[in-house]
Each structure stands twice: as structure tokens, then as C-alpha cells.
Amino acid sequence: MPPVIPSALHLQSLSTAIPHIFDQAQLSVTTHRKNCVALHKLQATVSSKPLASTAREEHLLTWLLRGFYARDKTVRLRSVTLAAELVVHLDELDEDVYASLRQGLVERALDKESSIRAPAIIALAKLLGGEDPNELPADEPSILEVLLEILCCDPMSDVRRAAFLHIPLTACTLSALLTRVRDVDPAIRTLMFSILTPTPAPAPGKANAKAVAGVPIAKLVHPRQLTLPNASRQDSAVRAAAAKDRTVVAGLAEFLQLFDVVGREGTNRANALTALLTCGRNAYWRALTPQSALLAREARLERAGLPVVATLAFYLQEACNALFDAVDELAEARTLTESLSAEQAEDEDEELERMEDKVARAGFVVGELLLLVVRCDFADENGRRKVFAVVREMLAHELLPEHLTEPCVDVLKETATGERELIRIVVETIAELRDDGDGDIVEHNGNDSMSGDTTQSSMRSRSLRRRARADAVDMRCLGLCVAMLTRVDGSFDENSTLEGVLADLVLPAVKRKEVALRERGLVCLGLCCLIAKNMAMSSFQLFINQVESAPEGLKSKVLQIVFDLLMVYDQELLCTSEEIAERVITFLLRTLEVEESDEVQAVLCVGISKLMLNGLVSDERALTSLVLTYVSPATAHNQELRQCLAYFLPTYCYSSPANQRCMQSLAINAYDLMLRAHEELEEGEMITPQQFGLLLVDWTNPQNVEYT
């Protein structure tokens, strides 16, 4: 039966009366009504007594804090939830109770259960207004810092959402809140956009909820950002609305400051833009930044007021001049730093970093303009000629960064009258670059002869500098040659101008001892062989020899060349002579067996798989080697190799009955070899024979063959 309510109620009696009522409620449903009445009478009695409300709530909080550290997650959840509801009604708290409550909530905000972390964050946010960070110990984070860390680092979306909703919007927290624009949870991104959504002006005398310290959000975030995030969704109506505002470009360019558009790792940066925008003001194009240049290329502005080709050529030339000036300044600063002492050089490091960043930004702008220009319509003859002249001049400039070579060649290919002209221009550019380098060397030699007091050490130093400069020019020319040859479709015999480059640049580079020069020389020679059959037949043994003696990085490049030649000239190298095919396959399989480099192993497996899928190789040894390589513990960490073979083996077996019969003929032998290897290893290092047997059964199942 329900407990008798004591007449002289005090805090100690509460701690016994209330638990007794809840204990009875758990025993039987029939007493629920009586227990509710008892609780109501208890509440009425407590309310009529001269007992301080704050004291009662503090006592209840102290009791709930015991549940914060319970082993049962349900107890922790109920305790934290009740505490979160109770905190709302508190006007003041004892310092000791507040400290205990704060510490408990911080620990529950880091609980292993996400269902507990969320209400703990809500309760912490309610304590945020009464905390003074200046009064905290130096090593103790504030509540706001805890919430911001959870917002950025918690793996559960519902916890991050709770933190986002309860972190106050201030000038200090806005930057952290804006990072949620890239959250993986769409609901959080939508909430992020909601705080940027423009709201009507507040009525006189009323505050605007979306304001920070009296300043509207639109003053802290560009007002043109307010509708742009929604335009990234696949909603044509939103994109059309964004396109109507011609000033939206400046706002989106500032919004792109949130993205690392210059860095090499930002592979998904283009996905930030899906809206169709317009911009045509000269000021925009004359003051391009990496963000606005990315916008200009990715927003497909050709549909909405893109400048004419001749004007774009002018802007490209201006951006290129700014890049060359920045590169020149950086080179001068580095030269000056080399002459300074160690202490002075440390002071100049920050300035050098600033200049390097300036060069990177200017190079990115030029690269984006080149990618934009290459997609233009060159029906305007004057514009085509202007772009052609600008890009040709860029390629011939010694300060052009190497990563811009391929975009320049792409534009040159689009603006040239044909493939012959493209090859002629590139060959002339290579000759100009090498002649300029030789001229500098001759000038230095003349100065050396005029200096009678030049010491032997200084002469050696100048000789090394001249050699380094000549090597740099050759590397630049070889890179330009690679970019050209990858875009050439005609045969080598149809372009006789290539013979001079081959004899004067490519073949000498192949004979160099420096790995970088030799690598580019071999790549150029391989590309030449792809368009010259006689050259390929005479050079194939050279590439085979290079595989045996080359270092790891160069070996993978040479192997790619070997497989390309085998694919292009399969009749001459694999199908005509069984002896040659036998030697080639034996060499590749032996290399795969002894090679330790993951990269080289992956290249070999990819190449052999392509040859077998195309029916150029049907040797059972090759298939057996690939099967054993797939299950070998030595390749367990080589994800590229495993991914290739995981696709190749079933595809090969299911593509034709002949391929499956080949797998069937070697299945027993492969299983026997695998079993022997498994017996020599410890348990767990390799898949079990049963698992391998299931793979063989699946690969040799005739029902899986795709008959065509």
C-alpha cells in the first residue's frame, strides 16, 4: 500500500518516502493510481511547508549525481536527462553542487554511449551562461571549449547536432559553426545553412534572433552567401534564383575561402559549386584569387556572360605576368637568404613562406584560367590567335612552373591548326629553351676567362651551377616532350621534326646516370615507340634491361612502358613467335616472384591481368602465379594489388568457358601449393585451405560463366 505521508516533512523523509513509492510502482500495475495520488499529496505537502525550493532542488541534484557514475547505461541516461530538465528551473546553486554537477556533465558528455552524451550536452549548454572562463584553472577547459570540441570531433551525428543546436551563436563560435557546412550528416548541413538564411528585418524595439552581439549575421558572413549553400543541391529552381543575382559571385568567392582550393589534397573541391552564375565585370577578372578563379572555371560561366576569347587571353597574360613576377621575387629572396647567417636566415623564413604561398596562389589562378580557356569556342579567329600566341610565349618562358606545362599544351592543341603545327611549336620551344641555357653557359665561360684571379674551387662551383641549370632545362624540355607525345595520334614517320628531339634530347637523357633525367628520357622514348613500330621492336630489349637494374620508382615506370608496348604490338611480341612470348612471360613472372616493392608488384599484376583478359596471354603459369599472389600473406597489406586481383580472377573465369577451363586445369595444383604454404605459416597469417577451396569452387562453377 502507498506510504503514509509524514506530517513533519523534511528533506530526510523525502529521501525515504519517494523511493518507497517508486519501489511499489514496480511491483504491480494495480497500485499505480494510488501511488500517483500519494506522490501528488507529497508534492502538495512539500509545497505548503516553509522549505526553500532551491534547497530541495539541490538535494535532488545531489541524489541524481550518484546515477551519473552508475554502471547501467539506463541509470546514467535517466539521471542525466532529469538533471538537464532540473537545471532549467534553477536560479542559483551552491558552489560545491555546481562544481560537482559541471564535472559530472563534462564526463557524461564524453560517455561511450551517444544516447547519454546528447542530454549531457544539453545540460552543459544550460550552465554555459553562468560560467566565467577567467575563474577556471589554467588546465581546465571551459564548457564552451568542450562543446566546440564535441561539435567537431564526435563520431555520432545526433551528438554533433545537439551540440550545434545549443552552442550560442557569437562572433567567437561562428567560425567553428561554419565548419559544419562540410559535415557528413545532411541534417547538420541543413541546420548550418539555416543560421545563414536571411530573415526579415525586426520590428522597431525587437531584437533579431539571428544576430551576434547586436550585429546581424549578414555582417559577419557575406550576405550573398545566404542563399548559395542551398544552390549546391540538385534544385534547378534554387540555382535559377541564385543566377539572377549578378552580385552573388563576390559572395560565393568569399564563401570559398572555407575551402583549401590550392592544396593538392583537395580532390573534391570542385563539388563545392553547382550553381549557374554570371559575372562579367572587369574588376572581377583583373583581381582573380584562387577562389574566384576556381569559381570562374567550375561554374560553367560560358552560358552566362563569359568574356570573349580575346579578352580571356588578355586576362590570362596578366595573370601569367603576375606569376612570373612572384617567381622572380621568390628566387631573389632565396638567393639573398643563402648569403645570410643562420640566425638571419631564420628571420627570413616567414617571408619566404609568404612568397611561396604567393607563387602557389598565382600558379593556381593561371592553371584555372588555362582550364577555362581550353573549353572555349575558338570560332573567333582573332581570339584563337591571341590565345595561341599567349600560351606559346608562356611555354617558352623559363619561369613557368612545371605543373602548368600540360594545361598549356592542352590549350595549344586546341588553338593549333593541326597536329603538325602543335609538334612544330613544341619542338621550336624546346630548342629555344635549350639555346637560352647554352647562351648563359657561354656567357659564364667568357666571364671566367676574363677573371684572371678565379680560383679552382670557384670555377668548380660555377661548373656545378651551370650543370645544374642545364639539367633543369633538360628536365623542363623532357616534361614538355612528354606532354606533347601523350597528345599525338599520328605516327612518328609522319612527323619528321620529332627525330631531332629524339636524337638531341631523349636518347642522351636515357643514357644519363641521374634517375630523374633517365626516367623522363625512358618515358619519352616509350611514348615515341608507341607511334613508331620499328623503334619499339629495337628498343623493347632496352626496357627489359632497365627493369632489371632500375630503382623502385623508375622500375614501375618502365614496366608500364613494357606493358603498353605488349598491348599495342601484341602480334609482333606475343603472337608471332612463341619463343619471344615465352621469354617475356617468364621474365614478368620471375620479376613478380622476387619483387618486394608493393608499387612494382601492383603494376605487374595489373599488367599481366590486362594481357590475360585481352586473350594475349594464356599461360597457366601466369594464372597460377596470380592466384597464389592473391592469397599470399606477403601481399595482405598491398591494397592496390588485392583490389586488382579481386576483380580480375572472377571476371577472367566468368568471361568465357575457355578461361574457366584454364582455371579448372590448375585448381588442384594451386590448392596443393597453397596447402604447403599454409602448413609452414602460423595460424591466422593466411586464409584457411577451406576458404581457398570455396574460392576455387566459385571460380570453376560453370553456372557463373557468361555465355554470349
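The shown structure was predicted, so the numbers you read here are calculated from the model rather than taken from an experiment.

**Student:** An account of the overall build of the chain is requested, with residue identities and associated values reported.
**Tutor:** Within the chain, the secondary structure is distributed over 33 helices and two strands. Relative to its 708 residues, the chain shows a buried fraction of 43%. In the chain, the share of contacts with a sequence separation of at least 24, taken over all contacts with a separation of at least 6, comes to 66%.

**Student:** I'd like a description of the packing of aromatic side chains, backed by residues and values.
**Tutor:** Under the counting rule described, the total for this entry stands at four aromatic pairs. Between Phe 648 and Tyr 652, the aromatic rings sit 5.4 Å apart at their centres with planes inclined by 35°, giving tilted as the arrangement. Within this pair, Phe 648 and its partner Tyr 652 are both found in helix 31 (residues 639-655), separated by four residues, close to a single helical turn. Taken individually, Phe 648 and Tyr 652 each receive the classification buried, so the pair is uniform in this respect. Over the face of the ring belonging to Tyr 630 we find Arg 642, whose NZ or CZ atom lies 5.8 Å from the ring centre.

**Student:** Account for the packing of helix 30 (residues 620-631) against helix 31, with residues named and values stated.
**Tutor:** Helix 31 packs onto helix 30 with a crossing angle of 130° between their chain directions and a minimal axis gap of 10 Å. On the basis of the axis angle, helix 30 is oblique to helix 31. Crossing angle aside, the handedness with which helix 30 passes helix 31 is left-handed. Judged by residue contacts, Leu 623, Leu 626, Val 627, Thr 629, Tyr 630 and Val 631 of helix 30 engage Leu 641, Arg 642, Leu 645, Ala 646, Phe 648, Leu 649 and Tyr 652 from helix 31. Here the residues of the contact of helix 30 with helix 31 are counted per class, giving 11 nonpolar, one polar and one charged.

**Student:** Account for the environment of Asp 410, naming residues and giving values.
**Tutor:** Residue position: Asp 410 is located in helix 20 (residues 405-415). The partly exposed category is assigned to Asp 410, whose relative accessible area is 27%. Spatially, the C-alpha atoms of Asp 410 and Leu 422 are 10.0 Å apart, while their sequence positions differ by 12 residues. Once residues lying within four places of it in the same chain are set aside, the contact partners of Asp 410 are Val 374 and Arg 487. Within the structure, Asp 410 has its side chain in polar contact with the side chain of Arg 487 (distance 2.5 Å).

**Student:** Tell me about the side chain of Asp 474, and name the residues and values.
**Tutor:** With respect to the element layout, Asp 474 can be found in helix 22 (residues 456-485). Accessibility expressed as a relative area gives 13% for Asp 474, which makes it buried. Among the polar contacts listed, one links the side chain of Asp 474 to the side chain of Arg 434, at a separation of 3.2 Å. With near-sequence residues (within four places) excluded, Asp 474 lies in contact with Arg 434, Leu 505, Arg 512 and Leu 517.

**Student:** Quick one: what's the story with the nonpolar core, residue by residue and with numbers?
**Tutor:** Counting residues in each nonpolar core, the largest one holds 137 residues, and the members touching the most others are Leu 566 and Leu 623. It is helix 17 (residues 309-338) that provides the largest number of residues to this core, a total of 13 residues. Beyond its immediate sequence surroundings of up to four residues, Leu 623 is in contact with Met 612, Phe 648, Leu 649, Tyr 652, Cys 662, Met 663 and Leu 666. By size, the runner-up hydrophobic cluster in this structure holds 38 residues, among which are Leu 61, Leu 124, Leu 147 and Ile 167.

**Student:** Would you mind going over the confidence of the model for the chain in detail, with residue names and values included?
**Tutor:** On average, residues of the chain score 78 in pLDDT, and 77% of them reach the 70 mark or higher. Within the chain, the lowest mean pLDDT, 38, falls on helix 13 (residues 236-243), and the highest, 93, falls on helix 29 (residues 598-613). Here residues 4-9 is modelled with pLDDT under 50, and outside its nearest four sequence neighbours on either side it reaches 10 contacts, counting other chains as well.

**Student:** Help me get a handle on empty space enclosed by the protein, residues and values and all.
**Tutor:** Unoccupied space between atoms shows up once a probe the size of one water molecule is rolled over them. The final tally for this structure, using the stated rule, is one cavity of 30 Å³ or more. Size it by volume and the largest cavity reaches roughly 40 Å³. Along the walls of the largest cavity sit Ile 585, Leu 588, Leu 589, Ile 608, Leu 611, Val 617 and Ala 622, which together make up its complete lining. Listing elements by their share of the lining of the largest cavity, those giving two or more residues are helix 28 (578-594) and helix 29. Per-element accounting of the lining of the largest cavity gives the leading share, three residues, to helix 28. Taken together, the residues of the lining of the largest cavity sort by class into seven nonpolar, no polar and no charged.

**Student:** Give a description of the environment of Glu 107 that names residues and reports values.
**Tutor:** Relative to the helices and strands, Glu 107 is located in helix 5 (residues 95-108). For Glu 107, a relative accessible area of 29% puts it in the partly exposed group. Distance in space between the C-alpha atoms of Glu 107 and Ala 120 is 8.6 Å, their sequence separation being 13 residues.

**Student:** Go over the environment of Thr 497 with me, naming the residues and quoting the values.
**Tutor:** As for its position among the elements, Thr 497 is in the loop between helix 22 and helix 23 (498-510). Taking the relative accessible area as the measure of exposure, Thr 497 reaches 38% and is therefore partly exposed. Taking the C-alpha atoms as reference points, Thr 497 and Arg 424, 73 residues apart in sequence, are found 6.8 Å from one another. Residues in contact with Thr 497, not counting those within four places in the same chain, are Ile 423 and Val 427.

**Student:** Describe a negative patch on the surface, naming the residues involved and giving the relevant values.
**Tutor:** A surface patch of like charges, here negative, comprises Asp 94, Glu 95, Asp 96, Asp 132 and Glu 135. Looking at the element boundaries, Asp 94 is found in the loop between helix 4 (73-87) and helix 5. Residue class for Asp 94 comes out partly exposed when judged on its relative accessible area of 35%.

**Student:** Account for the packing of helix 23 against helix 24 (residues 515-530), naming residues and giving values.
**Tutor:** What describes two packed helices is the angle between their axes and the distance between those same axes. Two numbers describe how helix 23 lies on helix 24: the axes approach to 7 Å, and their chain directions differ by 125°. By the criterion of interaxial angle, the relationship of helix 23 to helix 24 is oblique. Relative to helix 24, helix 23 is oriented so that their crossing is left-handed. Between helix 23 and helix 24, the residues in contact are Leu 502, Val 506, Leu 507, Ala 509 and Val 510 and Leu 517, Arg 518, Gly 521, Leu 522, Cys 524, Leu 525 and Cys 528, respectively. In the contact of helix 23 with helix 24, the residues fall into 10 nonpolar, one polar and one charged.

**Student:** With reference to specific residues and values, describe the pattern of salt bridges.
**Tutor:** For the structure shown, the criterion picks out 30 salt bridges. Close ionic contact of Arg 487 with Asp 410 constitutes a salt bridge, the shortest N to O distance being 2.5 Å. You can see Arg 487 sitting in the loop between helix 22 and helix 23 and its partner Asp 410 sitting in helix 20, a full 77 residues away along the chain. You can call Arg 487 buried: its relative accessible area is 14%. Across the salt bridge formed by Asp 474 and Arg 434, the nearest N and O atoms sit 3.2 Å from each other. On the criterion of sequence distance, the pair formed by Asp 474 in helix 22 and Arg 434 in helix 21 (residues 419-450) is long-range, its members being 40 residues apart.

**Student:** Help me get a handle on the state of the cysteines, residues and values and all.
**Tutor:** Applying the stated rule across the entire model yields zero disulfides. As a non-bridged cysteine, Cys 408 has Cys 320 as the owner of its nearest cysteine sulfur, 7.2 Å distant.

**Student:** Just give me the short version of the side chain of Thr 405, but keep the residues and values in it.
**Tutor:** Looking at where Thr 405 falls in the secondary structure, it is placed in helix 20. Of the residues examined, Thr 405 reaches a relative accessible area of 5% and is grouped as buried. Of note is the side chain of Thr 405, whose polar atom sits 3.0 Å from the backbone oxygen of Glu 402. Leave out the neighbours within four places in its chain, and Thr 405 touches Leu 395, Arg 476, Gly 479, Leu 480 and Ala 483.

Procedures and definitions
- Residues numbered from 1 in each chain as written.
- Predicted model: local features only at pLDDT ≥ 70, side-chain atom pairs only at ≥ 80, totals over all residues.
- Heavy atoms only, no water.
- Helix = DSSP H or I, 4+ residues; strand = E, 2+ residues; numbered from the N terminus.
- Buried < 20%, exposed > 50% of the residue type's maximum accessible area, 1.4 Å probe, protein only.
- Contact = heavy atoms within 4.5 Å.
- Phe/Tyr/Trp six-rings, centres within 6.5 Å; stacked < 30°, edge-to-face > 60°.
- Lys NZ or Arg CZ within 6 Å of the ring centre and 35° of its normal.
- Axes fitted to C-alpha atoms, helices over the stretch in contact; angles between N-to-C directions.
- Parallel < 35°, antiparallel > 145°, perpendicular 65-115°, else oblique.
- Left-handed = near helix turned anticlockwise from the far one by under 90°.
- Nonpolar A, V, L, I, M, F, W, Y, C, P; charged D, E, K, R; others polar.
- Polar contact = N/O pair within 3.5 Å; in protein donor to acceptor, adjacent residues only side chain to side chain.
- Core = buried A, V, L, I, M, F, W, Y, C linked by side-chain atoms within 4.5 Å.
- pLDDT = per-residue confidence, 0-100.
- 1 Å grid on protein atoms, 1.4 Å probe; cavity = no way out; pocket = protein on both sides within 12 Å on 5 of 7 lines; lining within 4 Å.
- Points joined across faces, edges and corners; volume = space filled by probe spheres on them.
- Patch = residues over 30% accessible without salt bridge, like charges linked within 9 Å, V, L, I, M, F, W, Y side chains within 5 Å.
- Areas by Shrake-Rupley, 256 points an atom, 1.4 Å probe, with all protein chains shown as cover.
- Salt bridge = Lys/Arg side-chain N within 4 Å of Asp/Glu carboxyl O.
- Lys, Arg positive; Asp, Glu negative; His and termini not counted.
- Charge placed at Lys NZ, Arg CZ, Asp CG, Glu CD.
- Disulfide = S-S within 2.5 Å.

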